[in-house]
Each structure stands twice: as structure tokens, then as C-alpha cells.
Amino acid sequence: MTASTAGLGIRCEELVHIYRTGESDVVAVRGVDLVVAPGERVALLGPSGSGKSTLLAMLGGLVPPSAGRVWVGDEEIGGMSERDRLRLRANRVGLVLQGAARNLLQYATPAQNVVFAQRSAPRADRARLMPARELLGALGLSPIADTPVPSLSGGEQQRVALAVAVANAPGLLLADEPTSQLDHPARDSVLDLLDVVNDRFGTTVVVVTHDPEVGDRLGRTITMRYGRVGQEGQQGEQFAVVGKDGSVHLPDEVVADWPPGTQVLVERDGDEVRLRRRQG
Ligand code: ADP
Ligand code: MG
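Throughout this document, residue positions are counted from 1 along each chain, in the order its sequence is written. Here every chain gets a letter starting at A, and every ligand a number starting at 1, in the order they are written. Residue-level local features of this predicted model are given only where pLDDT is at least 70; pairs of side-chain atoms are given and counted only at 80 or more, and the full residue set underlies all totals for whole chains, interfaces and linings. The side-chain quantities take in all heavy atoms of the structure and omit both hydrogens and water.

Overview of the site of ligand 1
So, step 1. Surrounding ligand 1, one finds Tyr19, Thr21, Val26, Ala28, Pro47, Ser48, Gly49, Ser50, Gly51, Lys52, Ser53 and Thr54.
So, step 2. Between ligand 1 and the protein, one listed contact pairs an oxygen atom with a side-chain N or O atom of lysine 52 at 2.8 Å.
So, step 3. For this analysis, a polar contact is any N or O atom pair within 3.5 Å, provided that within protein one partner can donate a hydrogen and the other can accept it, and provided that sequence-adjacent residues contribute only side-chain to side-chain pairs. Measuring from an oxygen atom of ligand 1, one finds a side-chain N or O atom of serine 53 at 2.8 Å.
So, step 4. When residues of the shell around ligand 1 are traced back to their parent elements, those giving at least two are strand 1 (10-21), strand 2 (24-36) and helix 1 (52-59).
So, step 5. Considering every element that reaches the shell around ligand 1, the biggest residue donor is helix 1, with three residues.
So, step 6. Throughout, the ten residues Ala, Val, Leu, Ile, Met, Phe, Trp, Tyr, Cys and Pro are labelled nonpolar, Asp, Glu, Lys and Arg are labelled charged, and all others, Gly among them, are labelled polar. The residue makeup of the shell around ligand 1, split by class, is four nonpolar, seven polar and one charged. Here a residue is considered near a molecule or strand provided that any single heavy atom belonging to it is located within 4 Å of it. Only DSSP runs of H or I reaching four residues or more are called helices, and only runs of E reaching two or more are called strands; each is numbered from the N terminus.

Next comes the structure, spelled out in C-alpha cells:
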């Protein structure tokens, strides 16, 4: 980290990812339109298999889109070479994969893990990065800076994994299920750390979770279902997203009452559009 970092915004247009697995293709992400503002905190919420991890991996340049487009800041990831995507991961985006242990060198301390991560930063950038101990201090991790990773609790390992992910001052932090398998105090300590990263450095934060409380804490929740972004919630309001073809994904409780095929009258009054079920 440096003293301050400009948060990077995200924009996805009709983003698709298909896993090609020999016989059958799995369409994991099927046309996601999404906008995240620079410096925003967002939870990506949805049931298992809904495409959250795949979407996050595309945002992090780990998995190339099969179709559609995605920008992080002003760079379009879809058109990037493998080399450019590696550069994106090295210094623009911090990615924490599911399972804290996968993100850390097990036979090293947190301080050594941060130093190691900073070695992948371009030489010209290294001088302006926050030294490992200072970064761990800013994130409240000084007391465990020299404790070998295997001796740390799950919540501590997760916080160290996040510290490592922001070691190179990325404008965007992506974390896949960083609070799963943690008890509530440990979960809250991880969320507190995300707040510090966002407040102090301006980093945009996107967290994949299946815990609605994590969404409440972060402020904005984007729901995924069957590979699509269904609805967006912010400060208690429900949003539906208009797709490029004009389709709107209605909130689940509306769909429960209005099954597919229901005819709906659309009434327009200035900025307001009202939907009413056609009777008879
Ligand atoms: P989530 O993170 O919401 O659980 P994923 O993005 O992991 O969802 O998975 C979305 C869909 O893609 C699921 O049907 C899953 O089985 C499938 N999938 C995920 N990874 C792979 C892969 N490497 N190969 C084939 N299918 C995959
Ligand atoms: Mg997942």
C-alpha cells in the first residue's frame, strides 16, 4: 500500500464465461451487466453454483471472458494478452481466493508473506509501497506479524491473506468467501479490516459471500443467480437491472406472485414506470 490509492471502478457488459469440459459446456456466467463505482464496497451474494467465483475470477484477470466485455478502471480485460492480465494481477488488482491457506506461504510469517508479495511489483513502484511492517500495523496486524502462518487462527490467516492482497497497493480488492467458516467475532474482524482498507486507502472492495449479513455490513449487495446478476440492493432499497435487450430481472418475491408468462401492463409517468398485473 501507499498513503493513498485511487479506487478502480468496474464495468461489465453482457459478460459471459463458459467452462469447456470435454463433452459438455457449463455456462457459469451468462450475460452480466454491472457497474461498481471507484471506492465502492460491494457484496456479491448468491447460492452455491450461481457463478460468483467465476465472475470474481474474470474481474481479477484470472479467467478470460468467453464473451462480453469487462473494464477495471480504464483497462478492458477481455482484449488483454495473458501477459497484460498478469501485470493487472501484479499491481492493479488484489485477489484473495477461496480458502485463506491457498493465498499464503505456509512456512513463513505474515511479514515475510507481505515482503514476498511486494517482490512481484514492478521495480519502479516498489519504492512507493508501504513497508511490510507499516502495512501490517495500519491493518492492526502488528501483534501477529512474526507468528508463523500455521500457528494463526482461521480469522487471522484470512486477515493476513487480505493484507498480502493489498501489499502492492491495488485499486481493487477482490475476496472470495473471506468470512466463510469463521465464527462471528472472527468474521467481524475480517470485515473491520476490509473497512480499514477501503477507508484509509480508497480501495474498491468486492466480496463474494453467501452470508446476507456480510452484504448488510458492506452497504451494497449484488445478487447472483444462475449466472446472472438479478437485483441490486442498496441501503434497503431494491434495484432491478435493465439488460441490453430491455429485459428486467424482477425481485424474487415478485416473481413468486407473477409466474413466467404473466402479462404486465407498463404505465409510464415521467421518470416513474409502474408495472401492474393484467387482470382476467
Ligand atoms: P459459485 O462461486 O457461485 O459457487 P462458481 O463460479 O464456482 O459458482 O460456479 C458456477 C458454475 O460453474 C457451477 O455450475 C460450477 O459447477 C461450474 N464450474 C465452476 N468451475 C468450473 C470448472 N473449473 N470447470 C467446469 N465447471 C465449473
Ligand atoms: Mg464460489
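Next comes the rest of the description.
Regarding the pairing of strand 1
So, step 1. Two strands are counted as paired when DSSP detects at least two bridges linking them. When strand 1 meets strand 2, the two strands line up antiparallel, connected through ten bridges. Opposite arginine 20, over in strand 2, you have aspartate 25 as the bridge partner.
So, step 2. Linking strand 1 back to strand 2 in an antiparallel pair, the connection comprises two residues, with glycine 22 at a positive phi of about 70 degrees.
So, step 3. Across five bridges, the pairing between strand 1 and strand 4 (residues 67-72) is antiparallel. Residue isoleucine 10 lies in a different strand from strand 4, and its bridge partner there is valine 72.

So, the nonpolar core
Across soluble globular proteins, nonpolar side chains show a tendency to be buried alongside one another.
So, step 1. Counting residues in hydrophobic clusters, the biggest one holds 38 residues, and the most contacted among them are Leu135, Leu139, Leu162 and Leu173.
So, step 2. When residues of this core are traced back to their parent elements, those giving at least two are helix 3 (110-118), helix 5 (132-138), helix 6 (154-165), strand 7 (172-176), helix 7 (184-201), strand 8 (204-209) and helix 8 (212-218).
So, step 3. Residue contributions to this core peak at seven residues, all from helix 7.
So, step 4. Should any heavy atoms of two residues lie within 4.5 Å, those residues are counted as being in contact. Ignoring sequence-local partners within four residues, the contact set of leucine 162 consists of Val96, Leu173, Ala175, Val190, Leu193 and Leu194.
So, step 5. Throughout, nonpolar core names a set of buried Ala, Val, Leu, Ile, Met, Phe, Trp, Tyr and Cys residues whose side chains join them through atoms within 4.5 Å. Type-normalised accessible area, obtained with a 1.4 Å probe on protein chains alone, sets the label of each residue: buried when under 20%, exposed when over 50%, and partly exposed for intermediate values. Listed in part, the 29 residues of the second largest apolar core include Leu59, Met80, Leu88 and Val206.

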